[in-house]
Number of protein chains: 2
Amino acid sequence: MYEGVVQDLIDELGRLPGVGPKSAQRIAFHILQADPADVRRLAHTLAEVKARVRFCTVCGNVAEGEQCRVCRDPRRDPAVICVVEESKDVVAIERTREFRGKYHVLGGAISPIEGVGPDDLRIRELLTRLADGTVTELIIATDPNLEGEATATYLARMIKPMGLKVTRLASGLPVGGDLEYADEVTLGRAFEGRRLLDV
Amino acid sequence: MYEGVVQDLIDELGRLPGVGPKSAQRIAFHILQADPADVRRLAHTLAEVKARVRFCTVCGNVAEGEQCRVCRDPRRDPAVICVVEESKDVVAIERTREFRGKYHVLGGAISPIEGVGPDDLRIRELLTRLADGTVTELIIATDPNLEGEATATYLARMIKPMGLKVTRLASGLPVGGDLEYADEVTLGRAFEGRRLLDV
């Protein structure tokens, strides 16, 4: 519909996740009217990211060097590893400031429907990290959905016999939420996981 | 939250229209995992667009050369000009294949609230095009909202005394829509604009 390179840009933008044809067009027109310096910076950052960012050789998190920020930090407790699906999850957990151990990023979750099996995840790398006995607890923080639960169960069965403490993040009512809006599965989990109130 | 250049990319993406922090993060992670060739192509297209695309010196539409595709096309009727707010509107009208004249892109609409006055639009350029008497009809296709109507009225008042036929696109019920879902203003316009059925 548009002339050459404008249509190329709309097509390229439309391939990004969550960007439909209308948004692609809106972004393209924004770029046409934007300050050339801003657009140059965006193009440069795209190239830089691909050139400089790799994945941490220890935990699989995004990293600019060999190792990510958490793995490089000597103040982080090497005895506890939190297993997550994606680097995004590391960021979410870091935001809570609750966890002072290390991470392991699997790169997804087991999903027979999408054809993702245990061998497609960074599970072998996890086992290697557990081999020297430094780690005493593994917190499994995969998503609380079907794939995440399957992955958690798979990992727990494999790792518990090694004598490690294997835990899973609690499921329950979201803090600040309304009980009446909670779905039944969440509410059921909240009952199962109920705790004694010491008053 | 992220290391250096990843955060830079999220920030850059978040400046695009309609891209919130969550989408920016999702797109950034997509780019991290994408084929480097794809990302290079996107970065290249961004740079190309800024280098090659300009605005048509005649009508103000996006163009790769001096003039846009419509202005260059000798089969388009130079006696009829359709006035629109943005290049996006040209594309929408071209899609209908109903119009065979030329365009004039104003670059917006009169909006006192946003500080856009007649001098900020390409109205002087429009008057220049009307000067030699080639144009006999001006179809005003600004948006059917407050700003678009104000702009249409302003243009009609200025141009009608020049002896040109000045028309405005019809307002009414959207084809394929349900009458009961039409807002009252649209329904009112549909009554005002009712036509005799020749049966």
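Residues numbered from 1 in each chain as written. Chains lettered and ligands numbered in written order. Predicted model: local features only at pLDDT ≥ 70, side-chain atom pairs only at ≥ 80, totals over all residues. Heavy atoms only, no water.

Per an unreviewed UniProt entry, chain A is named Recombination protein RecR, and its organism is Actinacidiphila oryziradicis. Here is the UniProt Function (unreviewed entry) comment for chain A, exactly as written: "May play a role in DNA repair. It seems to be involved in an RecBC-independent recombinational process of DNA repair. It may act with RecF and RecO." (UniProt positions renumbered as here; feature names shortened; annotations may be inferred.)

Q: Lay out the sheet that holds strand S3 (residues 77-84) of chain B with the relevant residues and their values.
A: Residues and elements named next belong to chain B. With parallel pairing, the four strands of this open sheet are ordered in space as S4-S3-S5-S6. Both outer strands of the open sheet, strand S4 (101-105) and strand S6 (165-168), are each paired with one neighbouring strand and no more. Neighbour-to-neighbour, the strand axes of this sheet turn through a mean angle of 25°, independent of strand direction. Where S3 meets strand S5 (residues 137-140), four bridges bridge the pair, whose relative direction is parallel. (Pairing = 2+ DSSP bridges. Helix = DSSP H or I, 4+ residues; strand = E, 2+ residues; numbered from the N terminus. Axes fitted to C-alpha atoms, helices over the stretch in contact; angles between N-to-C directions.)

Q: Outline the side chain of Arg76(B), listing residues and values.
A: Residues and elements named next belong to chain B. With respect to the helices and strands, the residue Arg 76 is situated in the loop between helix H4 (69-72) and S3. From its side chain, Arg 76 meets the backbone oxygen of Arg 100 in a polar contact 3.5 Å long. With residues up to four places along the chain from it excluded, the contact list for Arg 76 reads Val 70, Glu 94, Phe 99, Arg 100, Gly 101, Lys 102 and Tyr 103. (Polar contact = N/O pair within 3.5 Å; in protein donor to acceptor, adjacent residues only side chain to side chain. Contact = heavy atoms within 4.5 Å.)

Q: Would you mind going over empty space enclosed by the protein in detail, with residue names and values included?
A: If you walk through the whole model with that rule in mind, you get one cavity of 30 Å³ or more. Of the pockets and cavities examined, the largest cavity occupies roughly 50 Å³. As for the largest cavity, its lining consists of Leu13(A), Leu16(A), Leu42(A), Leu46(A), Leu13(B), Leu16(B), Leu42(B) and Leu46(B). Elements with a contribution of two residues or more to the lining of the largest cavity: helix H3 (36-52) of chain A together with helix H3 (36-52) of chain B. When the residues that make up the lining of the largest cavity are grouped by side-chain class, the tally is eight nonpolar, no polar and no charged. (1 Å grid on protein atoms, 1.4 Å probe; cavity = no way out; pocket = protein on both sides within 12 Å on 5 of 7 lines; lining within 4 Å. Points joined across faces, edges and corners; volume = space filled by probe spheres on them. Nonpolar A, V, L, I, M, F, W, Y, C, P; charged D, E, K, R; others polar.)

Q: For the layout of surface pockets, give the residues involved together with the corresponding values.
A: Residues and elements named next belong to chain A. If you add up the space inside the largest pocket, you get close to 550 Å³. Considering the residues around the largest pocket, the lining is formed by 20 residues, among which Ile 93, Ala 141, Thr 142, Leu 169 and Ala 170 are closest to the centre. Broken down by element, the residue count for the lining of the largest pocket peaks at four residues, all from helix H5 (residues 87-96). Looking at the lining of the largest pocket residue by residue, the classes come out as 10 nonpolar, four polar and six charged. Residues lining the lining of the largest pocket come from more than one domain, with at least three contributed by each of domain 2 (68-168) and domain 3 (172-198). (Domains from an automatic or database assignment.)

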